[in-house]
Amino acid sequence: MSKPLNAALSEEIAQRLSHKAKTSFDNAYEAALLIPGVTYVQGFLVLPGIPYKPMEHCWLEVEDAIVDPALPHLNRAPEEIWYFPAQRLSVKKLKAAIEEAKEDYPEDDPLPVYGPAPYEYYGDAMLGGKDYLEAFQAAEAKCRELNQSELDRN
């Protein structure tokens, strides 16, 4: 079960960021550097309606709540958003993974961070291991549940 979304703190953090980053991964990374004691979480986001599929997404966990710096850009009420975590990283581990990725693959974006191979296949989304596959499958099931009537019409 996903933790509850703290919409007020998500909005506050989004306003504190110097700019809107390109991706939820960049937004969450910037926010993780601003807030002590957070956990950086990668996984999937499900919204009712288009795009009718889970989206790879990133957010933070602060104590017992989700903080999503991308919330203002989702244009959805908090109760219309479902989060499915696949991987959690401390800020220290996140920084180390980014440094390693920059060193090993300088031409590629260091985010998102994936675990070691072997990877499981889970659709058009990026790479990930068994935890990613399980999170993707749970998100896909929620997406079908939310959008079944619309999918039946098409």
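Residues numbered from 1 in each chain as written. Predicted model: local features only at pLDDT ≥ 70, side-chain atom pairs only at ≥ 80, totals over all residues. Heavy atoms only, no water.

## Remarks on helix H1 (residues 7-16)
Link 1 in the chain: Turning to H1, its buried residues are Ser 10, Ile 13 and Ala 14. Buried residues of H1 fall within an arc of 100° about the axis and therefore sit on the same side. Opposite the buried face of H1, by more than 90 degrees, sit the exposed residues Ala 8 and Gln 15.
Link 2 in the chain: Tucked into the core, H1 has its buried residues touching helix H2 (24-34), strand E3 (65-67) and helix H3 (71-74). (Buried < 20%, exposed > 50% of the residue type's maximum accessible area, 1.4 Å probe, protein only. Helix = DSSP H or I, 4+ residues; strand = E, 2+ residues; numbered from the N terminus. Arc of directions from axis to C-beta. Contact = heavy atoms within 4.5 Å.)

## Concerning the sheet that holds strand E1 (residues 39-46)
Link 1 in the chain: Across the sheet, which stays open at both edges, the four strands sit in the order E3-E2-E1-E4 with antiparallel pairing between neighbours. Every interior strand has two partners, whereas the edge strands, E3 and strand E4 (82-90), have only one. The sheet shows a mean angle of 40° between the axes of neighbouring strands, taken without regard to direction.
Link 2 in the chain: Where strand E2 (residues 55-62) meets E3, three bridges bridge the pair, whose relative direction is antiparallel. Pairing of Val 62 across the sheet is with Ala 65, part of E3.
Link 3 in the chain: Relative to the sheet, helix H4 (residues 91-104) contacts E1 and E4, its axis offset from that of E4 by approximately 80°. (Pairing = 2+ DSSP bridges. Axes fitted to C-alpha atoms, helices over the stretch in contact; angles between N-to-C directions.)

## Some thoughts on the nonpolar core
Link 1 in the chain: Val 38, Tyr 40, Leu 60, Leu 94 and Leu 111 are the most contacted members of the largest nonpolar core, which totals 19 residues.
Link 2 in the chain: Listing elements by their share of this core, those giving two or more residues are H2, E2 and H4.
Link 3 in the chain: With residues up to four places along the chain from it excluded, the contact list for Leu 111 reads Phe 25, Asp 26, Tyr 29, Tyr 40, Leu 94 and Ile 98. (Core = buried A, V, L, I, M, F, W, Y, C linked by side-chain atoms within 4.5 Å.)

## Section: the packing of aromatic side chains
Link 1 in the chain: Tallied over the entire structure, the rule returns three aromatic pairs.
Link 2 in the chain: Aromatic side chains Phe 44 and Phe 136 sit 5.2 Å apart centroid to centroid with 65° between the ring planes, which places their arrangement in the edge-to-face category. Of this pair, Phe 44 sits in strand E1 while Phe 136 sits in helix H5 (residues 130-153), and the two are 92 residues apart along the sequence. Grouping residues by exposure puts Phe 44 and Phe 136 together as buried.
Link 3 in the chain: Among the aromatic side chains, those forming a connected cluster through ring pairs are Phe 44, Tyr 132 and Phe 136. (Phe/Tyr/Trp six-rings, centres within 6.5 Å; stacked < 30°, edge-to-face > 60°.)

## With respect to the packing of H2 against H4
Link 1 in the chain: Where H2 contacts H4, the two axes come as close as 11 Å, and the packing angle between them is 130°. By the angle between their axes, H2 is oblique relative to H4. Our pair here, H2 against H4, has a crossing hand that is left-handed. Contacts between H2 and H4 involve Tyr 29, Ala 32 and Leu 33 on the former and, on the latter, Val 91, Leu 94, Lys 95 and Ile 98. (Parallel < 35°, antiparallel > 145°, perpendicular 65-115°, else oblique. Left-handed = near helix turned anticlockwise from the far one by under 90°.)

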